[in-house]
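For reference, the chains in residue letters:
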Amino acid sequence: MNRSRQATATREPVLHDLQTALKGSSRRQSVQSFVRILRDNFSSYSWVGVYLGRGDHLVLEAYAGGAETEHVSIPIGQGICGAAARTGETIVVPDVSQDPRYLMCFPSTRSEIVVPVTGRKGVLGEIDIDSDKLAAFSPQDKEFLEEAARLLATYLEKD
Ligand code: SME
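Residues numbered from 1 in each chain as written. Predicted model: local features only at pLDDT ≥ 70, side-chain atom pairs only at ≥ 80, totals over all residues. Heavy atoms only, no water.

Caption draft 1: Spatial organisation of the confidence of the model for the chain. Residues of the chain with pLDDT of at least 70 account for 94%, and the chain-wide mean is 93. Considering only residues more than four positions removed or in separate chains, one finds that residues 1-6, a stretch of pLDDT under 50, has 2 contacts. (pLDDT = per-residue confidence, 0-100. Contact = heavy atoms within 4.5 Å.)

Caption draft 2: Highlighting the site of the ligand. Every one of the 13 residues lining the ligand counts as a neighbour, but Ile80, Cys81, Leu103, Cys105 and Glu112 are closest to it. Take Ile80: an N or O atom from its main chain is 2.9 Å from an oxygen atom of the ligand. Here an oxygen atom of the ligand and a side-chain polar atom of Asp130 are 3.0 Å apart. Alone, the ligand offers 310 Å² of accessible surface; in the complex the protein occludes 100% of this. (Near = heavy atom within 4 Å. Polar contact = N/O pair within 3.5 Å; in protein donor to acceptor, adjacent residues only side chain to side chain. Areas by Shrake-Rupley, 256 points an atom, 1.4 Å probe, with all protein chains shown as cover.)

Caption draft 3: The arrangement of the pattern of salt bridges in detail. All chains considered together, the criterion is met by 9 salt bridges. Glu61 serves as the salt-bridge partner of Arg28, at 3.3 Å between the closest nitrogen and oxygen. Separated by 33 residues along the polypeptide, Arg28 in helix 2 (residues 27-41) and Glu61 in strand 2 (residues 57-65) bring together distant segments of the chain. With a shortest N-O distance of 3.2 Å, Asp40 and Arg36 are connected by a salt bridge. (Salt bridge = Lys/Arg side-chain N within 4 Å of Asp/Glu carboxyl O. Helix = DSSP H or I, 4+ residues; strand = E, 2+ residues; numbered from the N terminus.)

Caption draft 4: Examining the sheet that holds strand 1 (residues 47-54) more closely. Taken in spatial order, the 6 strands line up as 3-2-1-6-5-4 in an open sheet, and their pairing is antiparallel. This sheet does not close on itself; its edge strands, each paired only once, are strand 3 (73-75) and strand 4 (91-93). Taken over all neighbouring pairs, the strand axes of this sheet differ in orientation by 20 degrees on average, direction set aside. Alignment of strand 1 against strand 2, held across 8 bridges, turns out to be antiparallel. When the bridges of strand 2 are listed, Tyr51 appears paired with Leu60. Across the sheet, helix 2 touches strand 1, strand 2 and strand 6 (122-131), and the angle it forms with strand 2 is around 55 degrees. (Pairing = 2+ DSSP bridges. Axes fitted to C-alpha atoms, helices over the stretch in contact; angles between N-to-C directions.)

Caption draft 5: How the structure looks around the environment of Ala136. Here Ala136 lies in the loop between strand 6 and helix 4 (139-157). Residue classification places Ala136 among the buried positions, given a relative accessible area of 10%. Every residue in contact with Ala136, bar those within four places of it in the chain, is listed here: Ser44, Ser111, Ser131 and Asp141. (Buried < 20%, exposed > 50% of the residue type's maximum accessible area, 1.4 Å probe, protein only.)

Pasting the structure below:
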């Protein structure tokens, strides 16, 4: 089995668990389980958060990882998070120290991925993951997290 097929094989059951998590009793609880599953299954995902769009801001709905961030509300257009929300495209930052858009939450963060959650009418929110490892996010991570974001979009549009 080549590396990329192996990566797909290990990520597939996690998508199933994420789908199950989105059957929680409330939105907050479902999204909390969703971020927890991502954090617990991948050792390089140091902090996992979901932000949801409210007007011209992104507001932190739930997170899993050591610390609370000061960035609980981010204007669309600011930071990596705000840039991804504006363009609707995933942003992978292999070395946060080299990206002038980066808003620091944790001094230990070395790389970051932000995956927009896009519904029928545009960006509903995003999955934001910080890693303490440099260049932690592979093309397989990106593909997997975009699939996870599609599950979340379907769930959020049911409200
Ligand atoms: N680093 C993000 C801000 C959110 S924290 O990572 C939790 C950014 O540049 O938008």
